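Breakdown of the fold
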Amino acid sequence: MAQYDKPPQPRAPATQWCPHGNLLEASSHDTALMYLNGPQPMSNDFVRMVWKRASIHIVVDGAINSLFDRFPEERDSFVPDIISGDFDSARPETVHHYRLKGTEIVHTPDQNFTDFHKAVITLLDHCAKKSHTISSIFVIGAFGGRSDQTMANYHSLYCLGDRVENRIFLIDEQNVCWLLGVGVHEIAATTGCEGEWCSLVPFGKPCRSVTTTGLKWNLCNSKLEVGGLISTSNTWASPSCTVTVETSDPVLWMMGVCWPDS
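Let me sum up the structure you'll find in this document. Everything numeric here is computed off the predicted structure, so don't read it as measured data.

1. Things to note about the overall build of the chain
Within the chain, the regular secondary structure consists of six helices and 15 strands. Taken against the 2.2 N^0.38 rule, which gives 18 Å for 262 residues, the C-alpha radius of gyration of the chain at 20 Å falls within 12% of a compact globule. Summarising its shape, the C-alpha atoms of the chain cover approximately 75 × 40 × 35 Å along the three principal directions. Within the chain, contacts between residues at least 6 apart in sequence are counted, and of these 72% link residues at least 24 apart. Carbon and sulfur atoms make up 51% of the accessible area of the chain, which totals about 13000 Å². Between the averaged position of the 20 positive side-chain charges in the chain and that of its 29 negative side-chain charges there is a distance of 2 Å.

2. Looking at the environment of Gly 21
Looking at the element boundaries, Gly 21 is found in helix H1 (residues 19-24). Spatially, the C-alpha atoms of Gly 21 and Cys 193 are 9.2 Å apart, while their sequence positions differ by 172 residues.

3. Quick notes on the sheet that holds strand S3 (residues 56-60)
Hydrogen bonding along the main chain pairs the strands of a sheet, whether they run parallel or antiparallel. An order of S5-S4-S3-S2-S6-S7-S8-S15-S10-S13 is seen for the 10 strands of this open sheet, with the pairing classed as mixed. Edge positions in the sheet fall to strand S5 (104-107) and strand S13 (231-234), since each has one partner strand and no second. Neighbour to neighbour, the strand axes of the sheet diverge by 20 degrees on average, direction disregarded. Contacts from helix H3 (residues 63-70) reach strand S2 (31-35), S3 and strand S4 (82-85) within the one sheet, and its direction differs from that of S3 by about 115 degrees.

4. A look at the sheet that holds strand S14 (residues 241-247)
Pairing is mixed in the open sheet, where five strands are placed in the order S1-S9-S14-S11-S12. The open sheet terminates on both sides in strands that have one partner only, identified here as strand S1 (15-17) and strand S12 (222-224). Adjacent strand axes in the sheet meet at a mean angle of 30 degrees when their direction is disregarded. Two strands pair when backbone bridges link them, and strand S11 (residues 207-213) and S14 are joined in this way by four bridges, in the antiparallel orientation. Within S14, the position partnered with Val 210 by the bridge is Thr 247.

5. What about unusual backbone geometry?
Where the residue is not glycine, phi is negative for most of them; where a peptide bond is considered, it is trans in most cases. Residues other than glycine seldom take positive phi values, yet Asp 61 does so here, at roughly 50 degrees. Summarising the element assignment, Asp 61 is placed in the loop between S3 and H3. The residue Ser 131 is not glycine, and still its phi comes out positive at about 55 degrees. Positionally, Ser 131 belongs in the loop between helix H5 (115-130) and strand S6 (136-140). Classification of Ser 131 by relative accessible area gives exposed; the value is 66%.

6. Digging into the packing of H3 against helix H4 (residues 92-100)
Two measures define how a pair of helices packs: the angle their axes make with one another and the distance between the axes. The geometry of H3 relative to H4 is characterised by a closest axis approach of 9 Å and an angle of 70 degrees between their N-to-C directions. When the interaxial angle is binned, H3 and H4 end up roughly perpendicular. Between H3 and H4, the contacting residues are Ile 64, Asn 65, Leu 67 and Phe 68 on the first element and Thr 94, Val 95, His 97 and Tyr 98 on the second. Split into classes, the residues belonging to the contact of H3 with H4 amount to five nonpolar, three polar and no charged.

7. Some thoughts on H4
Within H4 the residues assigned to the buried category are Thr 94, Val 95 and Tyr 98. Within H4, the buried residues cover an arc of 100 degrees as seen down the axis, which keeps them to one side. Structural note: H4 exposes Pro 92, Glu 93 and Leu 100 on the side pointing more than 90 degrees away from its buried face. Lining the buried residues of H4 we find H3, S4 and S5. Just past H4, the residue Gly 102 takes up positive phi, approximately 100 degrees.

8. Considering the environment of Ser 156
Position of Ser 156 relative to the elements: it lies in helix H6 (residues 147-160). Taking the relative accessible area as the measure of exposure, Ser 156 reaches 2% and is therefore buried. Separated by 39 residues in the primary sequence, Ser 156 and Gly 195 have C-alpha atoms spaced 25 Å apart.

About the cut-offs
- Within each chain, residues carry numbers counting from 1 in the order of the written sequence.
- Selection of residues for local features in this predicted model requires a pLDDT of at least 70, selection of side-chain atom pairs for listing and counting requires 80 or more, and totals for whole chains, interfaces and linings are taken over all residues.
- As a convention, hydrogens and water are excluded, and side-chain values are obtained from all of the structure's heavy atoms.
- Numbering of helices and strands runs from the N terminus; a helix is a DSSP stretch of H or I covering at least four residues, while a strand is a stretch of E covering at least two.
- We compute the radius of gyration from the C-alpha atoms alone; for a globule the expected value is 2.2 Å times N to the 0.38, where N is the number of residues.
- Here, two residues are considered to be in contact whenever any of their heavy atoms come within 4.5 Å of each other.
- Per-residue and other accessible areas follow the Shrake-Rupley method at a 1.4 Å probe size, with only the shown protein chains counted as cover for residues.
- The convention is simple: Lys and Arg are positive, Asp and Glu are negative, and His and the chain ends are not counted.
- For the purpose of locating charges, the reference atoms are NZ of Lys, CZ of Arg, CG of Asp and CD of Glu.
- Paired strands, as defined in this entry, are two strands with at least two bridges between them according to DSSP.
- Only C-alpha atoms enter the line fits that serve as axes; for helices the fit covers just the stretch in contact. Angles between N-to-C directions range over 0 to 180 degrees.
- Type-normalised accessible area, obtained with a 1.4 Å probe on protein chains alone, sets the label of each residue: buried when under 20%, exposed when over 50%, and partly exposed for intermediate values.
- Angular relationships are summarised with four words: roughly parallel below 35 degrees, roughly antiparallel beyond 145, roughly perpendicular across 65 to 115, and oblique for the angles in between.
- Residues were grouped as follows: Ala, Val, Leu, Ile, Met, Phe, Trp, Tyr, Cys and Pro as nonpolar; Asp, Glu, Lys and Arg as charged; and all remaining residues, including Gly, as polar.
- Each C-beta atom gives one direction from the helix axis, and the arc is the one those directions make.

This is the structure we're talking about:
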């Protein structure tokens, strides 16, 4: 009997990414903002910009002190929906101030997970109870300061990739980072807000095979691993392009960004 090769299986459609567009588009009903208790060198204009573009806001532990102190004349415009954490750094009187404003206070004492990780679960539980659907979570306060805490935030981002369907972006005024899962991805660098650099960084385990198009230095079935090849300080092949990434394992995508002032 003649043997025939199986027909090639159709490739799954690419996952589309454009975090700048997600955050900057006029409709923000499905976007959440998370404010972590990291270093707070962010400008007030940047915080205003991301705050007003989200429909739900969660502030984590001691970050509520920063929010309270940041806008003394505008506090009523920056009232979060939720404050969560183990409350080892939040001022009790500040938490009480927001409790009186109607903010939900959620104590998350489990020390086996970061405040970031616990806050994502708290946020999703809150949205489920309120029948509030969100697709994207933008996280500020995740970078800088203690290097171990920054690494812990990357670790939580990696772990949450298998647990939640929501898109989680770590952002500040110059950077955006998110996790690309197994499969094919298309990243639109077409908004004019992109910086000059981008990187693919393996985290958790080696990426056995990564192939890209649209970059100045593309990868072709390349293995990425700590101690071997990682793709940092890459850039776009041309202005206003779309980058494709096909990866066998989860990998962190990082890129520069230039957010508008408002």
